[in-house]
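Structural features, examined
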Amino acid sequence: MGVEIRELECFLVLAEELHFGRTAERLYLSQSRVSQLLQSLERRIGGPLFERTSRRVALTPLGQNFLTSLRPAYAALERVVTNAREFATQVKGKLQIGFQGAASDEVLAAISVFQSQNPNCLIGTCELPLNDPFGGLRRGGVDAAVVLLPVAEDDLVLGPVFSQQPQTLTVSTRHPLADREQLDIEDLAGAVLIGVSGPAPGYWRQAQAPTQTPTGALINRGPEVATLQEGLALIAADRGGMLLCRPTAENNRRADIVNIPLTGVPDSAFGLVWRRGEDTPALQAFAVHLKGA
């Protein structure tokens, strides 16, 4: 038939307004263009759709019959186009998120909301080693990683930062500082901190287990571990202490260790990190949910 959508749209608006001027305003067209579209539609149909005089515009019987049939069909066509547009813009595929330690409430909430809003994108998770926060990204095992700050990697992008928490010193119940209710970082002068082994970069390992206080006093470096559980075992054996964020410390309580609030150090925080230049629509959507969690 060669009927144009613009002709049908013009007919429907004119049938509501019954006024060429108001129809033209609604469609952002000139009145002459509205007349041209209507005349073209009437030629295709083979009869007049409106009675037009200098005083009024009214539907003809043919126009009324055409309107009754066209309205539901046009609404259905709009739904088809809308559904297609939504499907085209919907996040699809797979998204693999790595995280250090136990997934926080913020991460779990973001995953849940993302999956419910993007059913065509399967999101998966995996745990990353404490001593290798960036390796999974670089090997392509994960699309993004939730890691402890700081992050200063040229090939990676740091996205939302979240879950900022005070830090604690976790030590054995036999440790000389175990009976303290609170500590300052300067109180760790001469103490032993359990470090994190490679391949984590040096600046990141230094942040997790500093080797000196802000005033320059020495903090002794103890054994190094690859996982948090290894660290907790060494703490219980009184081989040294570890700096842990408060939620991690509370989630790993045991009878032979204590967690002491620590001041004078930056709060612990996590960040979402991905490979530079690879922020896919799925990853962008997840970052938005994580930022708002």
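The rules we used
Residues numbered from 1 in each chain as written. Predicted model: local features only at pLDDT ≥ 70, side-chain atom pairs only at ≥ 80, totals over all residues. Heavy atoms only, no water. Salt bridge = Lys/Arg side-chain N within 4 Å of Asp/Glu carboxyl O. Buried < 20%, exposed > 50% of the residue type's maximum accessible area, 1.4 Å probe, protein only. Helix = DSSP H or I, 4+ residues; strand = E, 2+ residues; numbered from the N terminus. Patch = residues over 30% accessible without salt bridge, like charges linked within 9 Å, V, L, I, M, F, W, Y side chains within 5 Å. Areas by Shrake-Rupley, 256 points an atom, 1.4 Å probe, with all protein chains shown as cover. Pairing = 2+ DSSP bridges.

1. A look at the pattern of salt bridges
- In this structure the tally under the stated criterion is 15 salt bridges.
- Linking arginine 180 and aspartate 187 is a salt bridge whose minimum nitrogen-to-oxygen distance equals 3.3 Å.
- A relative accessible area of 36% means that arginine 180 is categorised as partly exposed.
- Taken together, the shared-partner salt bridges connect Glu16, Glu17, Arg22 and Arg26 into one network.

2. Observations concerning unusual backbone geometry
- A cis amide bond, omega 10 degrees, links leucine 149 with the succeeding residue proline 150.
- Assignment of secondary structure puts proline 150 in the loop between strand S5 (144-148) and strand S6 (156-165).
- Here the residue pair glycine 198 and proline 199 is connected by a cis peptide bond, since its omega of 15 degrees sits within 30 degrees of zero.
- With respect to the secondary-structure elements, proline 199 resides in the loop between strand S9 (192-196) and helix H7 (202-208).

3. Regarding a nonpolar patch on the surface
- On the surface, a nonpolar cluster with roughly 330 Å² of combined accessible area is contributed by Ile5, Leu77, Val80 and Val81.
- Ranked by residue count, the leading element in the nonpolar patch is helix H4 (residues 61-89), at three residues.
- Take valine 80: it is sitting in helix H4.

4. Digging into the sheet that holds strand S12 (residues 257-263)
- A sheet is described by the order of its strands in space; here four strands give the open sequence S8-S12-S7-S11, paired in mixed fashion. At either margin of the open sheet sits one strand with a lone partner, and together these are strand S8 (183-184) and strand S11 (242-245).
- Note: S8 against S12, two bridges, orientation parallel. Its bridge partner lying in S12, leucine 183 is registered against leucine 262.

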